[in-house]
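Understanding the architecture of this molecule
Letter by letter, the chains look like this.
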Amino acid sequence: NQAQNRKGRLESAKKQLLRAEKQAEMSKENMGDLERSAKQLEEVQNQEKARLKAIEKDSAAIKDQMFAESQKLFEAKQEEANLVAEISGAQRESRNATQRIKQLDDEA
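The present account deals with the structure reproduced in this document. (Residues numbered from 1 in each chain as written. Predicted model: local features only at pLDDT ≥ 70, side-chain atom pairs only at ≥ 80, totals over all residues. Heavy atoms only, no water.)

1. A look at the overall build of the protein
Counting its regular elements, the protein contains 1 helix and 0 strands. For 108 residues, the compact-globule formula gives about 13 Å, and the C-alpha radius of gyration of the protein, at 46 Å, lies well above that figure. The C-alpha extent of the protein, read off along each of the three principal axes, is 155 × 15 × 10 Å. With 108 residues in all, the protein has 2% of them scored as buried. In the protein, 21 positive and 21 negative side-chain charges are present, and the distance between their average locations comes to 19 Å. (Helix = DSSP H or I, 4+ residues; strand = E, 2+ residues; numbered from the N terminus. Rg over C-alpha atoms; globule rule 2.2 N^0.38 Å. Buried < 20%, exposed > 50% of the residue type's maximum accessible area, 1.4 Å probe, protein only. Lys, Arg positive; Asp, Glu negative; His and termini not counted. Charge placed at Lys NZ, Arg CZ, Asp CG, Glu CD.)

Here it is, written out as structure tokens:
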């Protein structure tokens, strides 16, 4: 009877060991899947970082270009203001000269 108990316990222990080995194998397979998934996610993350870096570089270049263009626009507006002032001064001189000529004609 004791031998049967031992035999039963041995069979039970073998079954438990077999279940544990199967679970270990499944865990090992799942771990491999998780590692592959982690690698894939890391690759995607690295690609996104590189893409973000390229976008930031493009953005900086566009900002620099916008700054340069705004400087050109500012200089052109300054030049325009100077030309308007020169034209206004020339028109004033022309009116004064016309009046002076008329005054001299009237005196003559």
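2. Focus: the pattern of salt bridges
Counting across every chain of the model gives 2 salt bridges. Here Lys 72 ties to Glu 69 by a salt bridge, and the two come within 3.7 Å at their closest N and O atoms. One end of the pair is Lys 72 and the other is Glu 69, both in helix 1 (residues 2-107) and 3 residues apart, which spans about a single turn. Lys 72 sits in the exposed class, given a relative accessible area of 51%. Owing to a relative accessible area of 42%, Glu 69 belongs among the partly exposed residues under this scheme. (Salt bridge = Lys/Arg side-chain N within 4 Å of Asp/Glu carboxyl O.)

3. Quick look at the environment of Glu 48
With respect to the helices and strands, Glu 48 occurs in helix 1. Classification of Glu 48 by relative accessible area gives partly exposed; the value is 41%. Polar contacts involving the side chain of Glu 48 include one to the side chain of Arg 51, which spans 2.4 Å. (Polar contact = N/O pair within 3.5 Å; in protein donor to acceptor, adjacent residues only side chain to side chain.)

4. Considering the environment of Ala 76
Within the secondary structure, Ala 76 is located in helix 1. Linking Ala 76 and Glu 93, residues 17 residues apart in sequence, is a C-alpha distance of 25 Å.

Everything listed is a geometric property; what it means functionally is a separate question.
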